Amino acid sequence: MSERVIKIGLLGLGTVGGGVYRVLQGNRELIGRKVGARIEIKRILVRDVSRDRGLSLPADLLTTDPEVILGDPAIEIVVEVMGGTGAALDHVRTALSRGKSVVTANKDMLAVYGKELFALAQEKGTDLLFEASVAGGIPIIRVLKQCLAANRIEMVMGILNGTTNYMLSKMTAEGRDFQDVLREAQELGYAEADPTNDVEGYDAARKTAILASIAFNTRISFQDVYVEGISSISAEDITYATELGYVIKLLGIAKDTPEGIEVRTHPVLLPQAHPLATVTDSFNAVYVRGDAVGETMFYGRGAGALPTASAVTADIMDAARNIVHRVPGIISCTCFEERPLKEMGRVRSKNYLRLKVIDRPGVLAQIARVFGDHQVSLAAVTQKDTEGEKAELVLITHEVAERNLRDSLAELEQLAVVEKICNVLRVEGDG
Ligand code: NAP
Ligand code: HSE
């Protein structure tokens with residue numbers, strides 16, 4: 001093994017940091033030979049040095065003082081696996097401004113502060129690598145930035161949140177309702193005590209913003225992403241979707257269209273034959289269409305200590321290799337265009353609607369008239385359960401602009417015969 005030693009500092013030793021520690025120790029020789037240098041963890045920042053982490057750590061490795069890492073000129077790579085946009089952001093800014101390479105798994109930070117941080121890395125000629133920030137162990141950032149670099153990317157669509165995919169898979173396979181599977185996901189440690197980020201789609205939306213920025217070479221932030229979560233999905237929606245030949249998935253979707261970049265995260269009905277429809281449990285997958293490569297799909301674990309550490313450690317190795325060969329920052333930010341965003345009202349899709357209506361003659365005609373007035377064309381109408389005078393209608397529209405659909409729904413809500421618009425979901429990947 002080469003005598004060259006690259007010293008690194010970890011900010012955080014929780015789930016991901018602990019995984020990185022294990023991978024770096026366990027595969028030390030292999031990693032050293034691949035990089036051409038020995039990678040040595042010099043110090044690790046934590047909140048509580050006395051906490052038992054189930055690791056045999058050398059004395060003095062842990063510190064609660066960030067300056068011990070950020071102020072040490074011998075530490076060339078800072079690995080930020082703390083999370084959040086508070087201290088982590090300050091430390092990443094400091095590390096970059098001092099010319100250190102940074103590896104991070106922090107999508108919350110990059111989806112909001114990416115522009116500033118990548119500009120700083122570029123100015124300082126350092127690496128800011130972030131493979132683990134999207135889809136954990138699945139290599140997708142490098143795929144988009146390097147392996148598919150020759151393509152004009154047309155679309156990226158992914159199952160980017162394991163917790164919600166687990167919940168929707170359980171609801172589909174076992175007919176259980178949302179609250180029931182949420183409780184189970186929390187007991188299994190997939191969903192946090194406050195599951196808002198996962199369930200309301202914010203986690204997936206942050207990842208969608210990062211993917212879209214790379215795919216379309218233009219900066220897309222979390223605030224640019226249209227977001228809906230899965231808390232409105234009921235056991236009935238799952239049953240009806242299945243009967244119609246679809247599965248319900250929470251997708252991050254980014255498309256390059258003549259009217260601008262479409263970027264959204266919401267539940268969709270996906271044809272059962274679509275490659276993403278077969279991705280179940282807590283797995284993630286990203287489907288990419290490029291003008292040269294055609295369709296590709298990447299599948300694996302989107303979270304967890306070792307899968308995420310796999311991606312973080314590969315970034316550490318790349319950063320170390322670049323230092324050894326004196327080329328840090330060689331692949332920098334690729335957001336060299338300024339593309340407009342497509343307004344959500346102009347996004348076109350087919351839709352699934354579930355309505356509770358009064359069950360008597362002429363009701364369907366009234367509903368059809370409202371849709372017709374707004375150029376919403378119906379592809380299928382099915383009457384489901386009837387309880388007394390009430391019936392449930394399940395409708396599928398032809399492709400329509402979002403704003404026409406919204407206008408028609410606003411008018412439908414005013415009809416005396418429509419008791420409730422129970423759910424409206426977009427249909428994706430259907431032709
Ligand atoms: P975690 O288990 O909560 O670990 C956070 C670590 O950071 C802990 O070691 C904690 O110290 C330390 N820390 C937090 N705030 C600190 C502060 N102000 N000062 C000093 N140390 C501090 O988090 P995680 O699950 O490993 O996630 C880390 C990052 O990876 C996040 O950005 C997350 O989004 C991302 N990520 C996680 C996964 C996953 O599967 N968990 C997957 C992909 C990406 P103590 O140990 O002393 O409390
Ligand atoms: N909470 C995320 C998920 C993992 O459920 O996929 C971290 O990105």
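Residues numbered from 1 in each chain as written. Chains lettered and ligands numbered in written order. Predicted model: local features only at pLDDT ≥ 70, side-chain atom pairs only at ≥ 80, totals over all residues. Heavy atoms only, no water.

(A) How the structure looks around the overall build of the protein chain. Looking only at helices and strands, the protein chain has 14 helices and 17 strands in total. Its C-alpha radius of gyration of 24 Å places the protein chain within 12% of the 22 Å reference for a compact globule of 431 residues. Across its three principal axes, the protein chain shows a C-alpha extent of roughly 85 × 45 × 35 Å. Taking the intrachain contacts of the protein chain between residues at least 6 apart in sequence as the baseline, contacts between residues at least 24 apart amount to 74%. Surface accessibility of the protein chain: about 18,400 Å² in total, with carbon and sulfur atoms responsible for 47%. Charge separation in the protein chain, taken as the distance between the mean sites of 49 positive and 58 negative side-chain charges, equals 5 Å. (Helix = DSSP H or I, 4+ residues; strand = E, 2+ residues; numbered from the N terminus. Rg over C-alpha atoms; globule rule 2.2 N^0.38 Å. Contact = heavy atoms within 4.5 Å. Areas by Shrake-Rupley, 256 points an atom, 1.4 Å probe, with all protein chains shown as cover. Lys, Arg positive; Asp, Glu negative; His and termini not counted. Charge placed at Lys NZ, Arg CZ, Asp CG, Glu CD.)

(B) Broad picture of the site of ligand 2. Taken together, the neighbourhood of ligand 2 is formed by K107, N161, G162, T163, D198, D203, K207 and A303. Contact between ligand 2 and K107: an oxygen atom at 2.7 Å from a side-chain N or O atom of the residue. The side chain of K207 places a nitrogen or oxygen atom 2.9 Å from an oxygen atom of ligand 2. Taking 260 Å² as the accessible area of ligand 2 by itself, protein coverage stands at 79%. Among the secondary structure elements, those contributing two or more residues to the shell around ligand 2 are α7 (162–174) and α10 (202–215). (Near = heavy atom within 4 Å. Polar contact = N/O pair within 3.5 Å; in protein donor to acceptor, adjacent residues only side chain to side chain.)

(C) Local environment of the site of ligand 1. If you check the shell around ligand 1, you find 22 residues, and the closest are L13, V16, R51, R53 and G304. L13 places a main-chain nitrogen or oxygen 2.8 Å from an oxygen atom of ligand 1. The contact in question runs from an oxygen atom of ligand 1 to an N or O atom on the backbone of V16, over 2.8 Å. Within the complex, the protein chains bury 78% of what would otherwise be the 900 Å² of accessible surface of ligand 1.

(D) A look at the packing of aromatic side chains. Scanning all chains against the criterion turns up four aromatic pairs. Centroid distance Y202 to F222: 6.3 Å. Interplanar angle 85°. Geometry classified as edge-to-face. Of this pair, Y202 sits in helix α10 while F222 is found in the loop between α10 and β8 (226–227), placing the two residues 20 residues apart along the sequence. By relative accessible area, which is 18% here, F222 ends up buried. On the numbers, 4.9 Å between centres and 10° between planes, the contact of F283 with Y299 is stacked. One end of the pair, F283, is in strand β11 (residues 283–290); the other, Y299, is in strand β12 (residues 294–301), with 16 residues separating them in the sequence. Here Y299 falls in the partly exposed class, since its relative accessible area comes to 48%. R93 extends its terminal NZ or CZ atom over the ring of Y113, reaching a point 5.9 Å from the ring centre. Stacked on the ring of F222, the Lys or Arg R206 has its end atom at 4.4 Å from the ring centre. (Phe/Tyr/Trp six-rings, centres within 6.5 Å; stacked < 30°, edge-to-face > 60°. Buried < 20%, exposed > 50% of the residue type's maximum accessible area, 1.4 Å probe, protein only. Lys NZ or Arg CZ within 6 Å of the ring centre and 35° of its normal.)

(E) Region of the structure containing the side chain of T257. Among the secondary structure elements, T257 is positioned in strand β9 (residues 246–257). Reaching out from T257, the side chain makes a polar contact with the backbone oxygen of G260 at a distance of 2.7 Å. Among residues more than four places away in sequence, those in contact with T257 are E262, R339 and K342.

(F) The arrangement of unusual backbone geometry in detail. Non-glycine residue D60 carries a positive phi angle of around 75°. With respect to the helices and strands, the residue D60 is situated in the loop between β2 (38–45) and β3 (62–63). A relative accessible area of 64% places D60 in the exposed class. The phi dihedral of D281 falls on the positive side, at around 55°, and the residue is not glycine. Relative to the helices and strands, D281 is located in the loop between β10 (260–271) and β11.

(G) Seen up close, the environment of E295. Along the chain, the position of E295 falls in strand β12. A relative accessible area of 52% means that E295 is categorised as exposed. Between the C-alpha atom of E295 and that of E154, which follows or precedes it by 141 residues, the distance is 9.9 Å. In contact with E295, not counting residues within four places along its chain, are Y287, V288 and R289. Side-chain polar atoms of E295 contact the side chain of Y287, separated by 2.9 Å.

(H) The side chain of T313, seen in detail. Within the secondary structure, T313 is located in helix α12 (residues 305–324). With relative accessibility at 2%, the residue T313 sits in the buried group. Polar side-chain contacts of T313 include one of 2.6 Å to the backbone oxygen of A309.

(I) Representation of the packing of α7 against helix α8 (residues 178–187) in the model. Contact geometry of α7 with α8 gives a least axis separation of 9 Å together with a crossing angle of 130°. Between α7 and α8, the angle falls in the class oblique. Between α7 and α8 the crossing geometry is right-handed. Facing T163, Y166, M167, K170 and M171 of α7, the residues of α8 in contact are F178, V181, L182, E184 and A185. Class assignment of the residues belonging to the contact of α7 with α8 gives a composition of seven nonpolar, one polar and two charged. (Axes fitted to C-alpha atoms, helices over the stretch in contact; angles between N-to-C directions. Parallel < 35°, antiparallel > 145°, perpendicular 65-115°, else oblique. Left-handed = near helix turned anticlockwise from the far one by under 90°. Nonpolar A, V, L, I, M, F, W, Y, C, P; charged D, E, K, R; others polar.)

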